[in-house]
Amino acid sequence: MRKIKGLKKTIYLVMCALLLTGCGKKDVTVEENKNSSVYEAEVYTTEENNEESVVEEEAESTEIPEGIVINDGRESYEYTFNPHVIPDFYVETYGEEFVEYYKGFCDAVLAGEDSFECPDYDTYWKILDVAFTFLPITSDCLDMPVYDDNTIVDGKCQIVYRYSKNEHLKNVEEFKAKVEEVITTNIQEGDTEFERALKLYQYCSMTYVYDYVQLETGVVTGDKLCGGYRMIMDETGICQEYAAAYAYLLLQVGIDADVVGGWNDDTAHAWNIVRIDNQYYYMDTTFQSGYMSYPLYFFGVTIDDYAQLSGFPAESHTVGGTSMIKVNYNDVSDDRFEELRKCYFYEIDHDNHTIKYEGYIYEEIDYESEDNGEFFEGELEF
């Protein structure tokens, strides 16, 4: 396996300094919709508010490892847009009848129709709650309808749009095209669940840019509303937008994924729970976007390890917006990918179903030493 030449010690000193620095909080107010719970848009920054500068310093001193292969010559993934993706969690929690109403809503929105079949207000709010993440354009295209006697009439719920029908349908086609572009550029035919999850994780963490303007001012950058749609189309956003975009892209390639929220004192954050080979793992593309020296630091993490790394205690973790169901601790306990966390280089061997990696393990930092850390390399089957 080809190694990266000229790896600078300063990269790791910067990295470890970031890991060891205390965290502070910047608050961004998010309006709460009626009967729908949302995560507060708050993220960790360092005490000196220097996370952005640290990321920039790393970007200047490192290059993307050439061994991280997106396309190895195989054909692109044979992709067909799926308008009805929904995590298994909601199917199991709300039932098949709900799913049919949800599918009707998705079809109506994508066609620009002004109503859909819906039996009651409870179903209506659950549909909106799910759709705002898993039909991402919903987070931008809808005006919240008035909650009155005219909202649901004769089993039909009204849909109110922010845009004209022609403009909305144009946005729908551009959205579908963007999702197809992302998937067919990054995923190849024959990729395993692990490869699909890893390649889209790499795409989201290395392409998307954190919206520091929103962090500092509460004002969303651009003309789109806060949500996964903005992240997918404009490639900028905050934690819940990173998580929503990654989950949606995974669902589009047949991998079950959902958004997870957690709290620490008065600070909130959002990341993902992802199923690979019938095991659930945590993924955090937001935090990963600031840790480029270790490109898989928050990939495939157990619930206990994530709690320790992030500072969000396991008992605070919840999935699902409306129901706010707590994560089952046993569901996120597989440590299969732990050895990848500290690698700085990896290379996928699709034909042999292995990932080769190398990196350094640090016990403590000695800033005067010329040789910090123990080199390691290995190979993991998938």
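Residues numbered from 1 in each chain as written. Predicted model: local features only at pLDDT ≥ 70, side-chain atom pairs only at ≥ 80, totals over all residues. Heavy atoms only, no water.

1. Thoughts on the pattern of salt bridges
Thinking step 1. Enumeration according to the criterion identifies 16 salt bridges in this entry.
Thinking step 2. Of the charged contacts in the structure, one is a salt bridge between Lys-224 and Asp-234, with a shortest N-O distance of 3.1 Å. Of this pair, Lys-224 sits in the loop between helix 9 (212-217) and helix 10 (228-234) while Asp-234 sits in helix 10; the two residues are ten residues apart in sequence, bridging distant segments of the chain.
Thinking step 3. Owing to a relative accessible area of 32%, Asp-234 belongs among the partly exposed residues under this scheme.
Thinking step 4. Linked through salt bridges whose partners overlap, the residues forming this network are Arg-74, Asp-191 and Lys-199. (Salt bridge = Lys/Arg side-chain N within 4 Å of Asp/Glu carboxyl O. Helix = DSSP H or I, 4+ residues; strand = E, 2+ residues; numbered from the N terminus. Buried < 20%, exposed > 50% of the residue type's maximum accessible area, 1.4 Å probe, protein only.)

2. Quick word on helix 11 (residues 239-252)
Thinking step 1. Here helix 11 contains 14 residues, and its C-alpha end-to-end distance of 20 Å stays within 8% of the 20 Å for a straight helix at 1.5 Å per residue.
Thinking step 2. With respect to burial, helix 11 is a largely interior element, 14 of its 14 residues being buried.
Thinking step 3. Immediately beyond the C-terminal end of helix 11, within one or two residues, lies Gly-254, with a positive phi of roughly 85 degrees. (Expected span 1.5 Å × (residues − 1).)

3. As for the sheet that holds strand 6 (residues 156-158)
Thinking step 1. Pairing is antiparallel in the open sheet, where three strands are placed in the order 3-6-5. Of all strands in the sheet, those bounded by a partner on one side alone are strand 3 (115-117) and strand 5 (152-153).
Thinking step 2. Direction of pairing for strand 5 relative to strand 6: antiparallel, over a ladder of two bridges. Counted as the bridge partner of Val-153 is Lys-156 from strand 6. (Pairing = 2+ DSSP bridges.)

4. Brief notes about the environment of Asp-256
Thinking step 1. With respect to the helices, strands and loops of the structure, Asp-256 is situated in the loop between helix 11 and strand 10 (257-264).
Thinking step 2. As for Asp-256 and Glu-193, which are separated by 63 residues in sequence, their C-alpha atoms are 9.9 Å apart.
Thinking step 3. When residues no more than four places from it in sequence are discounted, the contact partners of Asp-256 are Pro-87, Asp-88, Leu-251, Ile-273, Val-274, Arg-275 and Tyr-280.
Thinking step 4. Engagement of the side chain of Asp-256 in a polar contact is seen with the backbone nitrogen of Asp-88, the distance being 2.9 Å. (Contact = heavy atoms within 4.5 Å. Polar contact = N/O pair within 3.5 Å; in protein donor to acceptor, adjacent residues only side chain to side chain.)

5. Points about the nonpolar core
Thinking step 1. Counting 105 residues, the largest nonpolar core has Tyr-102, Phe-105, Tyr-246, Tyr-282 and Phe-299 as the members making the most contacts within it.
Thinking step 2. For Tyr-102, the residues in contact, after removing those within four places along its chain, are His-84, Val-85, Ile-86, Ile-127, Val-130, Ala-131, Phe-134 and Leu-135. (Core = buried A, V, L, I, M, F, W, Y, C linked by side-chain atoms within 4.5 Å.)

6. Quick word on the confidence of the model for the protein
Thinking step 1. Of the residues in the protein, 75% reach a pLDDT of 70 or more, and the chain-wide mean stands at 81.
Thinking step 2. Element-level mean pLDDT values for the protein span from 30 in strand 1 (residues 23-26) up to 98 in helix 4 (residues 96-111).
Thinking step 3. Segment residues 1-67: pLDDT under 50, and 147 contacts once partners within four positions in sequence are set aside and those in other chains are kept. (pLDDT = per-residue confidence, 0-100.)

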